[in-house]
Amino acid sequence: MKKKQKLVIVGLGMAAVRLLDELVKYKEQDRYEIVVFGDEKVGGYNRILLSHVLSGEQTLADIISHDEAWFDRHEIRWFGHRKVTRLYPDAKYLVDNTGECLDYDLLVLATGSLPVRADIKGNQLAGVLSFRDVFDVQQLLALQAQASRVMVIGAGLLGLEAAYGLVKQGLSVTVVHRSDRIMSQQLDHHSAKLLQTQLEYLGIEFVLSAQITEIQGNERVQAVQLSTGEVVPTQAVVMAMGIKPNVELARTSGLSVNRGIMVDAQLNSSIQGIYALGECSEFEGQTYGLVAPIYRQVSVLVNHLCGDDSARFSNQETPTQLKVSGISLSSFGSPLGSEDTQSLIAEDRSHNWYRKIMLD
């Protein structure tokens, strides 16, 4: 019997989970000995649904798809709560935070992303939180017993979903956004105002065209100072300002890194035998925070690992959707257009819906 190649996957976010599902579907355990490293203890889960856990609409158990039993059932080794700290590509082995070494034949980096934190005074105080993973959500859920008012920095998708979840817990929530409209990367001024009105009806307050310049407190958050000069009492600050590719492992191990780990159309990194996909990767100047392009990356990589080299990844526009109960929102492409853009608009204020198509 031909010896199996050892395929090691570093990371267990949604890109890695999708990759595992596809490998299992094609029974690639017959070809590969598959090993997975994950930073978190809980296994693989649907990160998109964390907002539903925060709002109380689902539990953590509801969104976990790849637990220890799943890995056992599919004969895949999973090292939970183990972080790979260094790669040695020439010798084809890695080292994790326990000091253990593991060799590999092929390696997939799916290290995901890190939350962006504002570089302001007080950003390390207790009560300054992110909204990115299970640990973050557990901390946010604990706010119900620790705080009455929370400030959220950022009115993009992540910030609005965090704000909605916190309001559902009964907390007073104010979202601070530096732009003059919420979801400024996806919505025009009119649709942003319609959405803001709906969110205000749910109990979320907004401060636009402003930034938090300082977080005040001794050991814990007590207040924030805005760029307007106003000081607002609060017991917690949630930074939801976006994400950045988690590339430190790749960079220190000698892979080519720009914003993300640079890959070609077959997800090859700059070092043969090492691939990267998901939020940590960069292709033709683009990095990724939405599921659709990441799943297309996975499809390309699975075909390659199965022996089909014909598939190629390409950048495509992807629609954005907001996950707030009772609100249906989808945006595709630039929200503003150019001077030559023609807009077709349909609106029904009695039913609170708005449609806009822009033609170049």
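Before any of the text, the structure's been laid out above.
It should be emphasised that the depicted structure is a prediction, and the values quoted were computed from it without experimental measurement.

Trainee: How should I be thinking about the overall build of the protein chain in this particular structure?
Mentor: Looking only at helices and strands, one finds nine helices and 26 strands in the protein chain. Its C-alpha atoms give the protein chain a radius of gyration of 22 Å, within 12% of the compact-globule value 21 Å for 360 residues. Projected onto its principal axes, the C-alpha coordinates of the protein chain cover approximately 70 × 55 × 35 Å. Burial statistics for the protein chain: of 360 residues in total, 49% are counted as buried. Residue pairs in contact within the protein chain that sit at least 24 positions apart in sequence constitute 61% of those at least 6 positions apart. Counting every atom, the protein chain has about 17,800 Å² of accessible surface; 46% of that belongs to carbon and sulfur.

Trainee: Would you take a moment to explain the pattern of salt bridges for this structure?
Mentor: Two side chains of opposite charge can pair, provided their charged atoms sit close to one another. Within the structure shown, the criterion is met by eleven salt bridges. The partner of Asp103 in a salt bridge is Lys6, and the shortest N-O contact between them spans 3.0 Å. Of this pair, Asp103 sits in strand 8 (residues 101–103) while Lys6 sits in strand 1 (residues 5–10), and the two are 97 residues apart along the sequence. Salt bridges sharing common partners tie together Arg82, Asp96 and Glu100.

Trainee: Even after reading the chapter, I still don't get the environment of Gly165, so can you show me in this structure?
Mentor: Tracing the chain through its elements places Gly165 in helix 6 (residues 157–168). Classification of Gly165 as buried rests on a relative accessible area of 0%. Here the alpha-carbon distance between Gly165 and Glu57, two residues 108 residues apart in the chain, equals 9.2 Å. Ignoring any residue separated from it by four or fewer positions in sequence, one finds Gly165 in contact with Leu54 and Ser55.

Trainee: It is not clear to me how the side chain of Gln196 should be interpreted in this structure. Could you clarify?
Mentor: Among the secondary structure elements, Gln196 is positioned in helix 7 (residues 189–202). Residue Gln196 is classed as buried on the basis of its relative accessible area, which comes to 7%. In this structure, Gln196 is in contact with Ile182, Phe206 and Leu208, ignoring residues within four places of it in sequence.

Trainee: Explain the sheet that holds strand 9 (residues 106–109) to me, please; I cannot follow it from the model alone.
Mentor: Sheets are built from strands that pair by backbone hydrogen bonding, the pairs being arranged parallel or antiparallel. The five strands are arranged 5-2-1-9-21 in an open sheet whose pairing can be described as parallel. In this open sheet, the two edge strands, each paired with only one partner strand, are strand 5 (77–80) and strand 21 (274–276). Between one strand axis and the next, the sheet turns through 15° on average, direction left out of account. By the bridge criterion, four bridges tie strand 2 (residues 32–38) to strand 5 in an arrangement that is parallel. What sits directly across from Val35, in strand 5, is Arg77. Helix 9 (residues 291–305) contacts strand 1, strand 2, strand 9 and strand 21 of the sheet and is inclined by roughly 160° relative to strand 21.

Trainee: I tried to follow the environment of Gly326 on my own but got confused; where do I start?
Mentor: Mapped onto the fold, Gly326 is located in the loop between strand 23 (320–321) and strand 24 (330–331). Each C-alpha atom of the pair Gly326 and Gln198 lies 9.5 Å from the other, and the pair is 128 residues apart in sequence.

Reading the values: the criteria
Residue numbers run consecutively from 1 along every chain, following the written order of its sequence. Local features in this predicted model are restricted to residues whose pLDDT is 70 or higher, and side-chain atom pairs enter the listing and the counts only when it is 80 or higher, whereas totals over whole chains, interfaces and linings include all residues. Side-chain metrics in this entry use all non-hydrogen atoms of the structure; hydrogen atoms and water are not considered. Counting from the N terminus, the helices are the DSSP runs of H or I reaching at least four residues and the strands are the DSSP runs of E reaching at least two. Radius of gyration: C-alpha atoms only; globule rule: 2.2 Å multiplied by the number of residues to the exponent 0.38. The cut-offs for exposure are 20% and 50% of the maximum accessible area for each residue type, with area from a 1.4 Å probe on protein chains only; residues under the lower value are buried, those over the upper are exposed, and the others partly exposed. In what follows, residue pairs with any heavy atoms lying within 4.5 Å of each other are defined as contacts. Working definition of accessibility: Shrake-Rupley area with a 1.4 Å probe, residue cover restricted to the visible protein chains. Counted as salt bridges are all cases of a side-chain nitrogen of Lys or Arg within 4 Å of a carboxyl oxygen of Asp or Glu. Between any two strands, at least two bridges found by DSSP are needed for them to pair. Note on definitions: angles span 0 to 180 degrees between N-to-C directions of axes, and those axes are lines fitted to C-alpha atoms, for helices only across the stretch in contact.

These values are about where atoms sit, not about what they do.
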